Amino acid sequence: MESLTFLMQGFGTALDPMNLAFAAIGVLLGTAVGVLPGIGPALTVALLLPITFKLDPGGSLIMFAGIYYGGMYGGSTTAILLNTPGESASVVTALEGNQMARRGRGGPALATAAIGSFVATLIATMGLAFFAPLLVKVAIQFGPWDYFGLMLIAFVTVSATFGSSPLRGLTSLAIGLWLGLIGIDQLTGQARLAFGVPNLLDGVEVTTLAVGLFAIGEALHVASRHLFNDEKPIAIKGSIWMSRQDWKRSWKPWLRGTAIGFPIGALPAGGAEIPTFLSYTTERKLAEKPEEFGQGAIEGVAGPEAANNASAAGTLVPLLTLGLPTSATAAVMLAGFQQYNLQPGPLLFVQHPALVWGLVASLFIANVMLLVLNLPLVGLWVRLLKIPLPWLYAGILVFACMGTIAANPSVVELMMLVAFGVLGFIMRRYDYPIAPVVVGLILGPMADSALRRSLQMSLGDPMVLLQHPGSAIMIAIAAVALLAPFVFKGLARFRHDED
Amino acid sequence: MTTPTARGLHRPTLVIGLALFALAFITWRDASAMQIRATYGMGADAASYFVALFLALMGAGHLVAAFRWQDDPGPTDWKAVGWVALGLGSLIAALWFGAGFIIGSTLLFVFTARAFGRRAWLADLALGLILATGIFLLFNKLLTLSLPMGPVERLF
């Protein structure tokens, strides 16, 4: 129960008027940027990171929590009104939500998404506060071999198991690992793939990679396409509020979505899209009128949106307790922690309890603020969607480049940003998943040093990985997860159009 | 690679596969040139060898996949991509030659707007200038982040 005391102290920090203001600014900025088409939560956080550079760690982490949750919220608004999901996790929301908007029920769709997100995030954040200290107790005994096993699982599940094509997912991961090699090796001081360029010795910045892949890549991709498809935001007609029947049809999907989303997000398995798809199929099976699915069924918005947010809060569990980012957003969040020289992991809870619990408390506060501020402001956010596309993308590019130069004032860094943009464009064009690149860049060097530390401790004997039951089990899970899609592909010949 | 392609050969997949092989080769070369050795277990080169093998394996996968049916990316407006590239190029050039953040960002804004079909050059120029100046003032003065200076920035 000591975590409850810590949490109360956290609320003490977070309720300080200055910190409340930071949280409010974060929520508003996060929503405003997240609502822009093509910008998902990962990019929202990456774009807004430079703004928090010069604030003190406590205040800016709180602002950061607001940006994160605000970005999640804004993403679903775009998916519903514009049918352009900013990230794969809102694809399912777009399915039914956009149909509802087309039928003049955009208001209730937004409302069920918002309230569902609130309920899911509330429960999932409570789950985080409850499970994180327990996990920390286990994690503090982890050896480097256990971390290595965990990272293998994260690699495989992010890239191969759940994607549409294992070949493309693994290729993305390989590129991420390759980028992770660049720079000076932490254990020996050996430079890898630096080619004598001083800027490369420090390695590739996660934010530069994320902004390049997501913002510049997306802008190039949309520019190459916009002549051929033209989506206009759908005006919200009729009442914004949910009817009594909407409530009745929504509350169970919210809870079921949360129950599906949180555990999957909290496992080091990544992939926020899985819980949303699972929730969607569950709701379709349980619905009283399954024929409404595909035509704007409110359950199909309520469930997946809750699942999406619950799993997003769930990914904070491995991020905070183990330092393991399992999604692109979590990877960017980790970069945010590192800019204040904070390394998430079991030690963070021991060394900076005030900071961690202040963050958890401000997640609760950001969640409440989102609901209170954003439901009445929905009209304002919809107006943001009407910014003409040329100005929108021109502004995004200017802001993206600004953030990179502000963080790292050099032309080389800007060139790397543009190079990552071209990479992101090619990957989008040929349907390669982007998240494995970002996760590979962060986890690659961590896995490398975990493995080498294990081998140093065992005097070079690789069996150390199999002698410890924890790491042996995790490596087995990773192997199964890697081989499963190929085995299933062999069994199910009808999926021959893969790759 | 100018030889006529076999029927059903998917050129982009083939090119990506070859690029992966090239990357693998570079990585392998880099690893074999490393000097520092570890006392126990693996050195810094082991991860490089692993990634090189991984990349080569993926490259081989692409060569196989290139002969199977592929989704076509659909029509592409290369002119628009060119305009965005020109915008990004102007920003890089502006910083390279010391013209500063505001001029570079304004050009980036104007060319990107052109890529998305705008032709009102003057209006966009004005808007881009206002936006870039606003960002510069906000970040340089309020948040004390140093954005690259040029002749325009020194006026403030």
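Basis of the calculations
All residue numbers here refer to positions counted from 1 along the written sequence of the relevant chain. By the order in which they are written, chains take letters starting at A while ligands take numbers starting at 1. pLDDT decides what is reported in this predicted model: residues at 70 or higher carry local features, side-chain atom pairs at 80 or more are listed and counted, and totals for whole chains, interfaces and linings draw on all residues regardless. Secondary structure elements are defined from DSSP: runs of H or I of at least 4 residues count as helices, runs of E of at least 2 residues count as strands, and each element is numbered from the N terminus. Atoms counted for the radius of gyration: C-alpha only. Globule rule: 2.2 Å times residue count to the power 0.38. To assign burial, the other C-beta atoms lying within 10 Å of each residue's own C-beta are counted, with C-beta atoms placed from the backbone; 20 or more indicates buried, 12 or fewer indicates exposed, and intermediate counts indicate partly exposed. Each residue gets a C-beta atom placed from its backbone, and two residues are in contact if those atoms lie within 7 Å. Within a predicted model, pLDDT stands for the predictor's per-residue confidence, ranging from 0 to 100. Under this grouping Gly is polar, as are all residues other than the nonpolar Ala, Val, Leu, Ile, Met, Phe, Trp, Tyr, Cys and Pro and the charged Asp, Glu, Lys and Arg. Any helix carries an expected span of 1.5 Å times its number of residues minus one. By definition, the arc is the one covered by directions from the helix axis to the C-beta atoms. Axes here mean lines fitted to C-alpha atoms, for a helix over just the part in contact, with angles spanning 0 to 180 degrees between N-to-C directions. Reported orientations rely on four angle classes, namely roughly parallel under 35 degrees, roughly antiparallel over 145, roughly perpendicular from 65 to 115, and oblique for the rest. Take the far helix as your reference; a near helix turned counterclockwise from it by less than a right angle gives a left-handed crossing, and one turned clockwise gives a right-handed crossing. By convention in this section, buried Ala, Val, Leu, Ile, Met, Phe, Trp, Tyr and Cys residues joined through C-beta atoms within 7 Å make up a nonpolar core. For every domain, the bounds stem from an assignment made automatically or drawn from a database.

Considering the overall build of chain A
So, point 1. What chain A contains, in helices and strands, is 23 helices and two strands.
So, point 2. Its C-alpha atoms give chain A a radius of gyration of 22 Å, near enough to 23 Å, the size a compact globule of 499 residues would have.
So, point 3. In terms of its C-alpha atoms, chain A occupies a principal-axis envelope of roughly 70 × 55 × 55 Å.
So, point 4. By the burial criterion, 62% of the 499 residues in chain A qualify as buried.
So, point 5. Pairs at least 24 apart in sequence give 80% of the contacts found in chain A among residues at least 6 apart.

What about the overall build of chain B?
So, point 1. Broken down by element type, chain B carries five helices and zero strands.
So, point 2. Helices (α) and strands (β) of chain B occur, in sequence order from the N terminus, as α-α-α-α-α.
So, point 3. Classification of the 156 residues of chain B by burial places 38% in the buried group.
So, point 4. Sequence-distant contacts in chain B: of pairs separated by 6 or more residues, those separated by 24 or more amount to 57%.

Notes on the confidence of the model for chain B
So, point 1. For chain B, per-residue confidence averages 85 on the pLDDT scale, and residues scoring 70 or more make up 90% of the total.
So, point 2. Residue range residues 1–6 of chain B is modelled with pLDDT below 50. Its contacts to residues more than four positions away, or to other chains, number one contact.

Regarding the interface of chain B and chain A
So, point 1. Residue-level contacts link 59 residues of chain B with 53 residues of chain A.
So, point 2. Those elements that place two or more of their residues in the side of chain B that touches chain A are helix H1 (11–32), helix H2 (44–65), helix H3 (78–96), helix H4 (101–115) and helix H5 (121–142) of chain B.
So, point 3. Class assignment of the residues belonging to the side of chain B that touches chain A gives a composition of 41 nonpolar, 13 polar and five charged.

What to know about H3 of chain B
All names here are of chain B.
So, point 1. Given a rise of 1.5 Å per residue, 19 residues ought to cover 27 Å, and the 26 Å separating the end C-alpha atoms of H3 matches this to within 8%.
So, point 2. All of the buried residues in H3 are Ala80, Trp83, Val84, Gly87, Leu88, Leu91, Ala94 and Leu95. The arc enclosing the buried residues of H3, seen along the axis, measures out at 130°, which places them on a common side. Turned more than 90 degrees from where H3 packs its buried face, Trp78 and Lys79 sit exposed.

Topic: the packing of helix H19 (residues 389–407) of chain A against H4 of chain B
Helix-helix packing is described using two parameters, namely the angle between the two axes and the distance between the axes.
So, point 1. Close contact between H19 of chain A and H4 of chain B brings their axes to 8 Å; oriented N to C, the two are set at 150°. With respect to each other, H19 of chain A and H4 of chain B are oriented roughly antiparallel. The handedness of the crossing between H19 of chain A and H4 of chain B comes out as right-handed. Here H19 of chain A contributes Pro390, Trp391, Tyr393, Ala394, Leu397, Val398, Cys401, Met402 and Ile405 of chain A to the contact with H4 of chain B, which in turn contributes Phe101, Ser105, Leu108, Phe109, Thr112 and Ala113 of chain B.
So, point 2. Counted by class, the contact of H19 of chain A with H4 of chain B contains 13 nonpolar, two polar and no charged residues.

Observations concerning the nonpolar core
So, point 1. Counting 212 residues, the largest nonpolar core has Met151, Ala210 and Val438 of chain A as the members making the most contacts within it.
So, point 2. The leading source of residues in this core is helix H6 (residues 106–139) of chain A, at 15 residues.
So, point 3. When we break this core down by domain, the ones giving at least three residues each are domain 1 (11–65) and domain 2 (78–155) of chain B.
So, point 4. Ignoring sequence-local partners within four residues, the contact set of Met151 of chain A consists of Leu324, Leu443, Met446, Ala447 and Ala450 of chain A.

Describing the environment of Arg118 of chain B
So, point 1. For Arg118 of chain B, the location among the structural elements is in the loop between H4 and H5.
So, point 2. The sequence separation of Arg118 of chain B and Trp78 of chain B amounts to 40 residues, and the corresponding C-alpha distance is 16 Å.
So, point 3. Ignoring anything within four residues of it in the chain, the contact list for Arg118 of chain B reads Pro390 of chain A together with Ala113 and Asp124 of chain B.

Side note on unusual backbone geometry
Residue and element names in this part refer to chain A.
So, point 1. Positioned with a positive phi, Phe195 is a non-glycine residue whose angle comes to about 50°.
So, point 2. Take Phe195: it is sitting in the loop between strand S2 (191–192) and helix H9 (198–201).
So, point 3. Accessibility expressed as a C-beta count within 10 Å gives 9 for Phe195, which makes it exposed.

With respect to the domain arrangement of chain B
So, point 1. When the domains of chain B are assigned, the result is domain 1 (11–65) and domain 2 (78–155).
So, point 2. Between the C-alpha centres of domain 1 of chain B and domain 2 of chain B there is a distance of 38 Å.

Observations regarding H2 of chain B
So, point 1. With 22 residues, H2 of chain B extends 33 Å between its outermost C-alpha atoms, agreeing within 8% with the 32 Å of an ideal straight helix rising 1.5 Å per residue.
So, point 2. Where H2 of chain B is buried, its residues touch helix H8 (166–181), S2 and helix H21 (435–457) of chain A together with H1 of chain B.

A few points about the packing of H4 of chain B against H5 of chain B
All names here are of chain B.
So, point 1. Running from amino to carboxyl end, H4 crosses H5 at an angle of 140°, the nearest separation of the two axes being 8 Å. Of the possible angle classes, the one that applies to H4 and H5 is oblique. Along this stretch, H4 crosses H5, giving a crossing that reads as right-handed. Taken together, the residues of H5 that come into contact with H4 (itself represented by Phe101, Ile102, Ser105, Thr106, Phe109, Val110 and Ala113) are Trp121, Asp124, Leu125, Gly128, Leu129, Leu131, Ala132, Thr133 and Phe136.
So, point 2. Among the residues forming the contact of H4 with H5, the class breakdown is eleven nonpolar, four polar and one charged.

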